[in-house]
Amino acid sequence: QVSLVESGGGLVQAGGSLRLSCAASGLTFSKYAMGWFRQPPGKEREFVAYISRSGVTTYYADSVKGRFTISRDNVENTGYLQMNRLKPEDTAVYFCAAVQGYLSNFRETGAYAYWGQGTQVTVSS
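Here's what I pulled together on the structure shown here. Note that the structure is predicted; figures quoted are calculated from it, not measured.

**Quick notes on unusual backbone geometry**
Notably, asparagine 77 is not glycine yet its phi reads approximately 55°, a positive angle. Take asparagine 77: it is sitting in the loop between β7 (68–73) and β8 (78–83). Judged by relative accessible area, which is 26%, asparagine 77 ranks as partly exposed. With a phi angle near 50°, arginine 85 is a residue other than glycine that sits in the positive phi range. Within the fold, arginine 85 resides in the loop between β8 and β9 (92–100). For arginine 85, a relative accessible area of 51% corresponds to the exposed category.

**Let's talk about the sheet that holds strand β1 (residues 3–7)**
The pairing of strands in a sheet happens through backbone hydrogen bonds and is either parallel or antiparallel. Spatial ordering of the open sheet is given by β1-β3-β8-β7, a layout of 4 strands whose pairing is antiparallel. Strand pairing shows two members of the sheet lacking a second neighbour, β1 and β7, which therefore form its edges. In this sheet, neighbouring strand axes are inclined to one another by 15° on average, regardless of whether the strands run parallel or antiparallel. Pairing analysis gives 5 bridges linking β1 to strand β3 (residues 18–25), with the strands arranged antiparallel. Following the sheet pairing, glutamate 6 is matched in β3 by cysteine 22.

**Here we look at the state of the cysteines**
Every disulfide links exactly two cysteines, by a covalent bond between their sulfur atoms. For the structure shown, the criterion picks out 1 disulfide. The disulfide partner of cysteine 22 is cysteine 96, and the gap between their sulfur atoms is 2.1 Å. The disulfide joining cysteine 22 to cysteine 96 has a torsion of about 65° about its S-S bond and is therefore right-handed. With a gap of 74 residues between them, cysteine 22 in strand β3 and cysteine 96 in strand β9 connect regions that are remote in the sequence. The pair formed by cysteine 22 and cysteine 96 is uniform in burial state, with each residue classed as buried.

**Considering the nonpolar core**
The tendency in soluble globular proteins is for nonpolar side chains to be buried as a group. Residues Trp36, Leu81, Met83, Tyr94 and Tyr112 are the most contacted members of the largest nonpolar core, which totals 38 residues. At the level of secondary structure, the elements contributing two or more residues to this core comprise β3, β4 (32–39), β5 (46–51), β7, β8, β9 and β11 (119–124). Looking at which element gives the most residues to this core, the answer is β9, with 6 residues. Apart from residues lying up to four places away in sequence, tyrosine 112 is in contact with Met34, Gly35, Phe37, Tyr50, Ala97, Ala98, Val99, Leu103 and Phe106.

Analysis parameters
Residues numbered from 1 in each chain as written. Predicted model: local features only at pLDDT ≥ 70, side-chain atom pairs only at ≥ 80, totals over all residues. Heavy atoms only, no water. Helix = DSSP H or I, 4+ residues; strand = E, 2+ residues; numbered from the N terminus. Buried < 20%, exposed > 50% of the residue type's maximum accessible area, 1.4 Å probe, protein only. Pairing = 2+ DSSP bridges. Axes fitted to C-alpha atoms, helices over the stretch in contact; angles between N-to-C directions. Disulfide = S-S within 2.5 Å. Core = buried A, V, L, I, M, F, W, Y, C linked by side-chain atoms within 4.5 Å. Contact = heavy atoms within 4.5 Å.

In structure tokens:
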């Protein structure tokens, strides 16, 4: 079956960096668009970044644009989220998600078929 497993979360000081990974199995990764979402404490899950199947097209939430970079390795079946200049407001559980084919409504959680279990990111001030 399809599995997405996030890793790389942790505790970091404001201004620091983390790199999240999303290891995919049970699917042909190159056929799936991928997104990263996050859920801050007491809030709803929100869109962070999207990457197309080939990796050519990316989109970001305004709140992370210029600080976060989404990428993927279709040989290693892994997606990444490089997070730089982290802020306390970036504290959340981060989730990766995947859906086969092209995705136009990539900011919507309901558009994705598969989700990881999440990894906690905590940014201290």
